[in-house]
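# Coordinates in review
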Amino acid sequence: MDGYTRKVNTYLFFKLPSAWWCGVRLRELTDLYAVSTVRYRWINQNPFKSMFWAVQGMAAELATGALVSREIRKSGRGISMLVLKNKAHFTKKARGRITFRCEDGARLSETLNTVLNTDTGETIWMTAIGRDETGEIVSEFHFEWTLKARGR
């Protein structure tokens, strides 16, 4: 875990404590992908003996949002980011450690370049796929992020 990943997890503790207490953590972050995890526990369960869908959503959003945040930080420019829409699909009960992976870094970089070089805002759909410890997909989340340069 690098220093930036630790900073994101510290940010969770102070600014998004519900995610932190539920066990959502960023594990890996590169230019191309981000990985977050959450473990099924008493605090994030639903009545059906699996992980509450909203907790999965927090972990999935972290995987996409960490990529967006990192790219914005690298640009050195003021850019607003906001989730406009989201969709989710669930295929299996989420038990054990669930790992969400978003591999949209290359597409995000292209979109951010457009934002930086034009006066228009852009949107990008990013996907985080959640897998259990056996590698089976338990859920898939799609987030439409809006990006707009500030001060233009």
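These numbers were taken from a predicted model, which means no experiment stands behind them. (Residues numbered from 1 in each chain as written. Predicted model: local features only at pLDDT ≥ 70, side-chain atom pairs only at ≥ 80, totals over all residues. Heavy atoms only, no water.)

## A short note on the packing of aromatic side chains
The test is simple: Two rings belonging to Phe, Tyr or Trp (six-membered ring only in the last case) form a pair when the distance between their centres is within 6.5 Å. Interplanar angles under 30 degrees mark stacking, angles over 60 mark edge-to-face geometry, and anything in between is tilted. Between buried and exposed lies partly exposed: a residue is buried under 20% and exposed over 50% of the maximum accessible area for its type, with that area taken using a 1.4 Å probe on protein chains only. By the criterion adopted, a ring carries a charge over it if an Arg CZ or a Lys NZ lies within 6 Å of its centre and within 35 degrees of its normal.
Following the criterion strictly, the structure yields 7 aromatic pairs and no others. Ring centres 5.0 Å apart and planes at 90° place the aromatic pair Phe13 and Phe14 in the edge-to-face group. Taking the relative accessible area as the measure of exposure, Phe14 reaches 60% and is therefore exposed. When the centroid spacing of 5.0 Å and the interplanar angle of 90° are considered together, the rings of Trp20 and Trp21 count as edge-to-face. Ring pairing ties together the aromatic residues Phe13, Phe14, Trp20 and Trp21, which thus form one cluster. A cation sits over an aromatic face here: Lys87 above Trp125, 4.8 Å from the ring centre. Lying over the aromatic face of Tyr33, Arg101 brings its terminal NZ or CZ to 3.9 Å of the ring centre.

## A word on the packing of helix α3 (residues 53–75) against helix α4 (residues 105–117)
Definition in use: Axes here mean lines fitted to C-alpha atoms, for a helix over just the part in contact, with angles spanning 0 to 180 degrees between N-to-C directions. Numbering of helices and strands runs from the N terminus, with a helix taken as a DSSP run of H or I at least four residues long and a strand as a DSSP run of E at least two residues long. Convention used here: angles under 35 degrees read as roughly parallel, angles over 145 as roughly antiparallel, angles from 65 to 115 as roughly perpendicular, and any remaining angle as oblique. Less than a right angle of anticlockwise turn of the near helix away from the far helix marks a crossing as left-handed, whereas a clockwise turn marks it as right-handed. Should any heavy atoms of two residues lie within 4.5 Å, those residues are considered in contact. Only Asp, Glu, Lys and Arg are considered charged, only Ala, Val, Leu, Ile, Met, Phe, Trp, Tyr, Cys and Pro nonpolar, and every remaining residue, Gly among them, polar.
Two elements in contact, α3 and α4, have axes separated by 10 Å at closest approach and are oriented at 45°. Considering the angle they form, α3 stands oblique to α4. Relative to α4, α3 is oriented so that their crossing is right-handed. Of α4, the residues touching α3 (which contributes Leu67, Val68, Glu71, Ile72 and Ser75) are Gly105, Leu108, Ser109, Leu112 and Leu116. Residue composition of the contact of α3 with α4, by class: 6 nonpolar, 3 polar and 1 charged.

## Let's talk about the pairing of strand β1 (residues 25–29)
For the record, the criterion: Two strands qualify as a pair provided that DSSP identifies no fewer than 2 bridges between them.
The pairing of β1 with strand β2 (residues 34–39) spans 4 bridges and is classified as antiparallel. Looking at β2, one finds that Leu26 is bridged to Ser36. The hairpin formed by β1 and β2 contains 4 residues between the paired strands.

## Here's the deal with the pattern of salt bridges
So the rule is basically this: Salt bridge, as used here: a side-chain nitrogen of Lys or Arg that lies within 4 Å of a carboxyl oxygen of Asp or Glu.
The tally for this structure, following the rule as stated, stands at 8 salt bridges. A salt bridge links Arg39 to Glu133, with the shortest nitrogen-to-oxygen separation between them at 3.5 Å. Of this pair, Arg39 sits in strand β2 while Glu133 sits in the loop between β5 (122–131) and β6 (137–149), and the two are 94 residues apart along the sequence. Taking the relative accessible area as the measure of exposure, Arg39 reaches 34% and is therefore partly exposed. For Glu133, a relative accessible area of 54% corresponds to the exposed category. Across the pair Glu136 and Lys92 runs a salt bridge, and its minimum N-O distance is 3.1 Å. Taken together, the residues Glu136 in the loop between β5 and β6 and Lys92 in the loop between β3 (79–90) and β4 (97–102) connect sequence positions 44 residues apart. The structure contains a network of salt bridges with shared partners spanning Asp31, Arg70, Glu71 and Lys74.

## A closer look at the environment of Asn44
Rules: Any pair of N or O atoms that falls within 3.5 Å is considered a polar contact. Within protein, one atom must be able to donate a hydrogen and the other to accept it, and sequence-neighbouring residues count only if both atoms are side-chain atoms.
The residue Asn44 is located in the loop between β2 and α3 in this model. Taking the C-alpha atoms as reference points, Asn44 and Ile124, 80 residues apart in sequence, are found 29 Å from one another. Look past the residues within four positions of Asn44 in its chain and what remains in contact with it is Cys22, Val38, Arg39, Ser50, Met51, Phe52 and Val55. A distance of 2.8 Å separates a polar side-chain atom of Asn44 from the backbone nitrogen of Arg41.

## Topic: α3
To keep it simple, the criterion reads: A helix is expected to reach a length of 1.5 Å times the quantity of its residues less one.
Taking 1.5 Å as the rise per residue, α3 with 23 residues should run 33 Å; its terminal C-alpha atoms sit 33 Å apart, in good agreement. Immediately beyond the C-terminal end of α3, within one or two residues, lies Gly76, with a positive phi of roughly 75°.

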